[in-house]
Structures are given as structure tokens and as C-alpha cells.
Amino acid sequence: MDAPEVAQPPAPAECYADQATDLLEELAPVGSTVQLVTDSGQPNRDRYDRLLRYVDHAGVDVAQELLARGAARRYEAAQDLAREESYSAADDDAQDADSGLWGTC
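Residues numbered from 1 in each chain as written. Predicted model: local features only at pLDDT ≥ 70, side-chain atom pairs only at ≥ 80, totals over all residues. Heavy atoms only, no water.

Draft legend 1. Examining the overall build of the chain more closely. When you go through the chain residue by residue, the secondary structure sums to 4 helices and 3 strands. Listing every helix and strand of the chain by position from the N terminus yields α-β-β-β-α-α-α. Taking the principal axes of its C-alpha atoms as reference, the chain extends roughly 35 × 30 × 30 Å. Residue burial in the chain is summarised as follows: out of 105 residues, 30% are buried. When contacts within the chain are restricted to residue pairs at least 6 apart in sequence, those whose partners lie at least 24 apart make up 55%. Carbon and sulfur atoms form 48% of the exposed surface of the chain, whose accessible area is close to 6,900 Å². Positive and negative side-chain charges of the chain, numbering 8 and 22 respectively, have mean locations separated by a distance of 7 Å. (Helix = DSSP H or I, 4+ residues; strand = E, 2+ residues; numbered from the N terminus. Buried < 20%, exposed > 50% of the residue type's maximum accessible area, 1.4 Å probe, protein only. Contact = heavy atoms within 4.5 Å. Areas by Shrake-Rupley, 256 points an atom, 1.4 Å probe, with all protein chains shown as cover. Lys, Arg positive; Asp, Glu negative; His and termini not counted. Charge placed at Lys NZ, Arg CZ, Asp CG, Glu CD.)

This is the structure:
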């Protein structure tokens, strides 16, 4: 998924970054325990050496919820993700409803 970037001076925050950050903190509060889930069909790390994991908190797929509420966009990649179908549906529904960044940016 592709969430709006927060401010990194001198660059300003991208549109909807503050709202996306607030929603992320609501879904997975700072200090809470999350479950990191591996997608066995994907590499362990991306080209920037970032760990690739799904993040679940309290039974909620955090990325899917961010997509569903329009706080992120589905990242277009040439990879088949285990959760691709649900992510695509959430992203499409948010876009169709002009939710979050889709209706703001």
C-alpha cells in the first residue's frame, strides 16, 4: 500500500498525511502489540531493505482498513500478494465512494 508521506522538511506533508497518521494510530496505537504476518510468496525484504509484512492488530488487517477508509492507495506492483483480492476491493470501494484522500486530494 502507498500511504501519504508526512512532512520531511523541507518537503511538506502530502495531502491526507495527517489524517492517515491519525487513523494508523487509532488502528494500532503506539505501544500496542501487533502481529507481523509473512506472505510466503514474497521476498523477506524489498529493494530498500524494508521488512515486508502484513500488520494485524486486534484481529484487524491494518493495511486493509487504511485502504478501505481511503487513507492509503493500493501499491501497484508486479507481484501476487496473498491479500491482493481484499486489498483491491477495499481500495476500489474507497475510491468509488470518494472516501478519505479520494475525496480530498
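Draft legend 2. Just the state of the cysteines, in detail. Applying the stated criterion across every chain yields a total of 1 disulfide. One disulfide bridge connects Cys-15 with Cys-105, the sulfur atoms lying 2.0 Å from each other. Taking the sign of the torsion about the S-S bond as the criterion, the disulfide between Cys-15 and Cys-105, at about -90 degrees, is left-handed. Remark: Cys-105 occurs in the segment after helix 4 (101-104) and Cys-15 occurs in the segment before helix 1 (17-27); sequence separation between them is 90 residues. Judged by its relative accessible area of 39%, Cys-15 falls in the partly exposed class. (Disulfide = S-S within 2.5 Å.)

Draft legend 3. Looking closely at a nonpolar patch on the surface. A cluster of nonpolar side chains, namely Val-34, Leu-36 and Leu-51, defines an oily patch on the protein surface of about 240 Å² accessible area. For Leu-36, the position within the fold is in strand 1 (residues 35-37). For Leu-36, a relative accessible area of 49% puts it in the partly exposed group. (Patch = residues over 30% accessible without salt bridge, like charges linked within 9 Å, V, L, I, M, F, W, Y side chains within 5 Å. Salt bridge = Lys/Arg side-chain N within 4 Å of Asp/Glu carboxyl O.)

Draft legend 4. Highlighting the nonpolar core. Formed by 16 residues in total, the largest nonpolar core has its most connected members in Leu-23, Leu-27, Val-62, Leu-66, Leu-67, Ala-71 and Tyr-87. Those elements that place two or more of their residues in this core are helix 1, helix 2 (62-68) and helix 3 (84-96). Ignoring anything within four residues of it in the chain, the contact list for Leu-66 reads Met-1, Ala-20, Leu-23, Leu-24, Leu-27, Ala-71 and Ala-72. (Core = buried A, V, L, I, M, F, W, Y, C linked by side-chain atoms within 4.5 Å.)

Draft legend 5. Main features of the packing of aromatic side chains. Counted by the stated rule, this structure contains 1 aromatic pair. Note on Tyr-54 and Tyr-87: the rings are 6.0 Å apart at their centroids and 80 degrees apart in plane angle, and the pair reads as edge-to-face. On the criterion of sequence distance, the pair formed by Tyr-54 in strand 2 (residues 54-57) and Tyr-87 in helix 3 is long-range, its members being 33 residues apart. Residue Tyr-54 is classed as buried on the basis of its relative accessible area of 9%. (Phe/Tyr/Trp six-rings, centres within 6.5 Å; stacked < 30°, edge-to-face > 60°.)

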